[in-house]
Amino acid sequence: MTTAVTVSAPLPASFAPHPAACDKLTFLRIRRIGGPADPSNADKILIAQPGVLEGASSFYNVGANVVSRAYTERGKYIEFWAVDRRPNCLEDLNGLKLAKSTGNPLDLINYYYKKKPYNGATFAGFLGSKTDAEWLTDMGIGQTVRDWNQIITRGIPSQSVRQQKVYCGGHSLGGFITGQYAEWDFDGNTATKSDAGYNQCAGFFGLDTTVTSEARLNGILGTAAGPLTPLMGEIPAGVTEMMRAGTFPRFVDVHGVINPEIMNLLAGVGVGASMKPTSESDLIKNLPANSNVNSAYKFYFSQNLGDYLSQFTGPAIKLFRFTNQALLGTFTDDNAMPLSIVQASTGFYKGGSVVDKDFPIPGALTELPDLKQVTSILGSPNLAIPDDAGPFGLGGPLYGWNNFNQLGGVTIPNNSDGTPYTGVAKEVTDINDLARSMAAVPADFVEKYFPIHLVLDSLTGTPGNVHTEGDTAKPIINIMAGDGPGIGGTPAPGTPSVPGYNHVDVLTAAPIQNNGLADPVTTHLLDFLY
């Protein structure tokens with residue numbers, strides 16, 4: 001069973017004015033029905049930080065899988081807590097709630113774009129990254145780990161219980177947050193260590209990441225970046241003042257690529273795929289065509305640079321027909337979505353032909369060693385894009401979706417190198433599960449107002465992690481995705497790596513895989529715990 005737990009936790013007085021909802025902390029508590037009501041009586045409690053742009057429901061599958069298997073295979077009552085970071089308080093999820101209440105995916109568009117009310121409320125608009133939410137200016141790693149510490153210590157009041165049962169970890173950026181938490185000093189006295197983060201946990205876990213306090217700049221650029229870290233560490237202070245003055249974005253806002261509106265629409269695609277998976281989608285043709293949305297369509301649905309530049313009369317995606325499932329696959333699957341941090345392995349297109357997708361980075365370049373770090377984040381050698389919009393774009397075939405477990409006996413088309421775009425062994429996530437998580441309320445899959453301060457802290461490091469022994473003081477497991485972007489740096493020898501998994505798959509993989517075996521991520525976690 002899953003419940004959303006919310007506790008009062010006012011921000012410090014130094015923070016700029018903010019909504020009352022932002023003086024609260026929320027997490028999803030996933031536990032076995034019939035298990036202890038008091039989490040302190042559970043056998044183990046895993047408490048996880050999401051990655052960049054992720055909300056708490058992104059952990060639902062891995063959390064539910066490990067909780068279920070712990071009981072059925074080990075006879076243990078485990079709980080999994082997924083943190084919904086404080087900035088999610090700014091999200092208006094009423095459009096999701098309206099669509100779920102009416103059973104009509106289009107009501108999401110009606111709420112966010114056509115002023116249709118939900119319980120008397122209408123959408124006030126997306127916040128401006130330079131004009132609104134000034135309080136996010138101070139939402140760096142410091143407040144993030146203090147929030148997490150409140151959830152951990154208030155949820156499990158006894159430190160001795162925490163040191164025996166609580167495992168702290170995260171996905172992607174959550175590995176860095178975990179490393180920082182482990183080394184953080186929470187009482188202001190560095191001579192005392194009982195308050196240190198690592199003394200609130202029995203161990204640490206990372207999912208397609210490395211639990212470390214080392215700045216992500218080093219992980220991306222390699223050890224040669226080491227001398228740059230002290231220099232780069234001075235940047236956030238100056239940028240913070242620019243954010244406060246409204247001359248620099250306070251949250252992630254890249255026009256036409258990633259921003260609150262685009263992430264909100266991704267949740268909307270999840271709504272359509274969860275409610276009417278095999279029905280022809282009418283979401284795109286009913287969505288108002290503003291510059292941000294059209295630019296996103298072009299960025300995510302262009303075959304190559306020439307195709308991207310030639311779309312003057314409107315995004316090409318509007319000429320194609322998709323089921324709701326196929327539309328979700330277009331924006332999340334590892335054979336269609338170019339951003340690796342969003343990729344899951346959910347299956348492949350059916351119903352129409354496809355060709356290589358060479359945008360934003362041509363597939364051939366992704367194989368060059370010198371470009372590996374960049375292309376592992378922005379490209380893939382096996383991206384495919386539908387290419388049949390019918391004669392003159394007047395209506396081609398309906399593109400559907402073969403789910404991850406529906407590819408047996410299906411002929412997958414070849415890419416330009418003459419090899420199939422994918423295969424059964426590389427498809428691991430049930431697109432139905434992904435759709436439900438994308439559209440979840442009250443904590444959805446994405447963090448729409450992701451603070452720039454936290455981004456900068458993760459890249460450059462912070463001075464707050466003073467107990468430097470912390471991230472190695474307890475047992476650690478890092479579980480890597482075999483086809484992931486490698487943003488956690490070079491894993492230590494012996495680190496488990498799961499073949500065929502992409503960055504999101506470590507969170508969303510189906511309980512039973514195509515080979516008939518249980519999801520390896522939860523197997524590794526259980527073996528680590530017991």
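Not measured: the values here are computed from a predicted model.

**Digging into the state of the cysteines**
Right, so step 1: Per the counting criterion, the structure on display carries two disulfides.
Right, so step 2: With a sulfur-sulfur separation of 2.0 Å, C22 is cross-linked through a disulfide to C89. Measuring the twist about the S-S bond at about 95 degrees, one finds the C22-C89 disulfide to be right-handed. Here the residue C22 occupies a position in the loop between β1 (2–8) and β2 (24–30), and C89 occupies one in the loop between β4 (78–84) and α2 (94–102), the gap between them amounting to 67 residues.
Right, so step 3: Here the chain pairs its bonded cysteines, counted in sequence order, in the arrangement 1-2, 3-4.

**Notes on helix α6 (residues 173–183)**
Right, so step 1: Among the eleven residues of α6, eleven are classified as buried, and the element is accordingly described as predominantly covered.
Right, so step 2: When we look at burial in α6, the residues that qualify are L173, G174, G175, F176, I177, T178, G179, Q180, Y181, A182 and E183.

**Considerations on the confidence of the model for the chain**
Right, so step 1: Overall, the prediction assigns the chain a mean pLDDT of 91, with 92% of residues at 70 or greater.
Right, so step 2: The low-confidence segment residues 220–234, where pLDDT is below 50, has 14 contacts with residues more than four positions distant or belonging to other chains.

**Re the sheet that holds strand β6 (residues 203–207)**
Right, so step 1: Across the sheet, eight strands lie side by side as β1-β2-β4-β3-β5-β6-β12-β13; this open sheet has mixed pairing. At either end of the open sheet lies a strand with only one pairing partner, and these are β1 and β13 (497–498).
Right, so step 2: When strand β12 (residues 476–481) meets β13, the two strands line up parallel, connected through two bridges. From the neighbouring strand, A481 faces β13, where its bridge partner is V498.
Right, so step 3: Contacting β3 (44–49), β5 (166–171) and β6, α6 crosses the sheet at an angle of about 140 degrees to β5.
Right, so step 4: Here helix α19 (residues 520–529) sits on the sheet and contacts β3, β4, β5, β6, β12 and β13; the angle it forms with β12, its principal contact strand, is near 170 degrees.

**Considerations on the pairing of β5**
Right, so step 1: Within β5, six of the six residues are buried, leaving the element largely enclosed by the surrounding structure.
Right, so step 2: In β5, alternate side chains face the same way, and those of V166, C168 and G170 on one face and Y167, G169 and H171 on the other are all buried.
Right, so step 3: Looking at chain direction, β3 and β5 are connected through five bridges and run parallel. The residue bridging Q49 from the neighbouring strand is G170, located in β5.

**Comments concerning the sheet that holds strand β7 (residues 321–322)**
Note: strands within a sheet are paired through backbone hydrogen bonds, in either parallel or antiparallel orientation.
Right, so step 1: Reading across from one edge, β7-β11-β8 is the order of the three strands in this open sheet, with mixed pairing throughout. One side of each edge strand has no neighbouring strand; the edge strands of this open sheet are β7 and β8 (347–350).
Right, so step 2: Here β8 runs beside strand β11 (residues 398–403); their pairing, made up of four bridges, is antiparallel. If you follow F348 over to β11, its bridge partner there is N402.

**Thoughts on the packing of aromatic side chains**
Right, so step 1: Here the structure, examined in full by the defined rule, presents 26 aromatic pairs.
Right, so step 2: Relative to Y77, the ring of Y71 has its centre 5.2 Å away and its plane inclined at 35 degrees; by these criteria the two rings are tilted.
Right, so step 3: With relative accessibility at 32%, the residue Y71 sits in the partly exposed group.
Right, so step 4: Judged by relative accessible area, Y77 falls into the partly exposed class, the value being 24%.
Right, so step 5: Ring centres 5.4 Å apart and planes at 50 degrees place the aromatic pair Y181 and F186 in the tilted group.
Right, so step 6: Residue Y181 is classed as buried on the basis of its relative accessible area of 0%.
Right, so step 7: Among the residues examined, F186 registers a relative accessible area of 23% and is labelled partly exposed.
Right, so step 8: Three or more aromatic residues joined by ring pairs make a cluster, and in this case those are F301, F320, F322, F348, Y349, Y399, W401 and Y421.

**A look at the side chain of D333**
Right, so step 1: If you trace the backbone, D333 turns up in the loop between α14 (324–332) and β8.
Right, so step 2: A distance of 2.8 Å separates the side chain of D333 from the backbone nitrogen of T346, its partner in a polar contact.
Right, so step 3: Residues contacting D333, with those up to four places away along its chain left out, are L328, Q343, A344, S345, T346, G347, W401 and E427.

**With respect to the environment of I177**
Right, so step 1: Topologically, I177 is positioned in helix α6.
Right, so step 2: Using a relative accessible area of 0% as the deciding quantity, one classes I177 as buried.
Right, so step 3: When the C-alpha positions of I177 and Q49 are compared, they lie 7.3 Å apart, and in sequence the two are 128 residues distant.
Right, so step 4: In contact with I177, other than residues within four places in its own chain, are Q49, P50, R85, I141, T144, V145, W148 and L454.

**Looking at the side chain of Q343**
Right, so step 1: With respect to the helices and strands, Q343 occurs in the loop between α14 and β8.
Right, so step 2: Residue Q343 is classed as buried on the basis of its relative accessible area of 4%.
Right, so step 3: In terms of polar contacts, Q343 uses its side chain to reach the backbone carbonyl oxygen of M337, at 2.7 Å.

**Looking at the environment of T137**
Right, so step 1: Positionally, T137 belongs in the loop between α3 (106–114) and α4 (141–155).
Right, so step 2: On the basis of relative accessible area, T137 is assigned to the buried category, the value being 0%.
Right, so step 3: Every residue in contact with T137, bar those within four places of it in the chain, is listed here: T240, M243, R244, R250 and H453.
Right, so step 4: Of the polar contacts made by the side chain of T137, one reaches the backbone oxygen of E134; its length is 2.8 Å.

**A closer look at the pattern of salt bridges**
Right, so step 1: Across all of its chains, the model carries 14 salt bridges by this definition.
Right, so step 2: In this structure, the salt-bridge partner of R86 is D147, at a minimum N-O distance of 2.7 Å. Remark: D147 occurs in helix α4 and R86 occurs in the loop between β4 and α2; sequence separation between them is 61 residues.
Right, so step 3: On the basis of relative accessibility, which here comes to 6%, the residue D147 falls in the buried class.
Right, so step 4: Sharing partners across several salt bridges, the network here consists of E91, D444 and K448.

What counts and how
- Residues numbered from 1 in each chain as written.
- Predicted model: local features only at pLDDT ≥ 70, side-chain atom pairs only at ≥ 80, totals over all residues.
- Heavy atoms only, no water.
- Disulfide = S-S within 2.5 Å.
- Helix = DSSP H or I, 4+ residues; strand = E, 2+ residues; numbered from the N terminus.
- Buried < 20%, exposed > 50% of the residue type's maximum accessible area, 1.4 Å probe, protein only.
- pLDDT = per-residue confidence, 0-100.
- Contact = heavy atoms within 4.5 Å.
- Pairing = 2+ DSSP bridges.
- Axes fitted to C-alpha atoms, helices over the stretch in contact; angles between N-to-C directions.
- Phe/Tyr/Trp six-rings, centres within 6.5 Å; stacked < 30°, edge-to-face > 60°.
- Polar contact = N/O pair within 3.5 Å; in protein donor to acceptor, adjacent residues only side chain to side chain.
- Salt bridge = Lys/Arg side-chain N within 4 Å of Asp/Glu carboxyl O.

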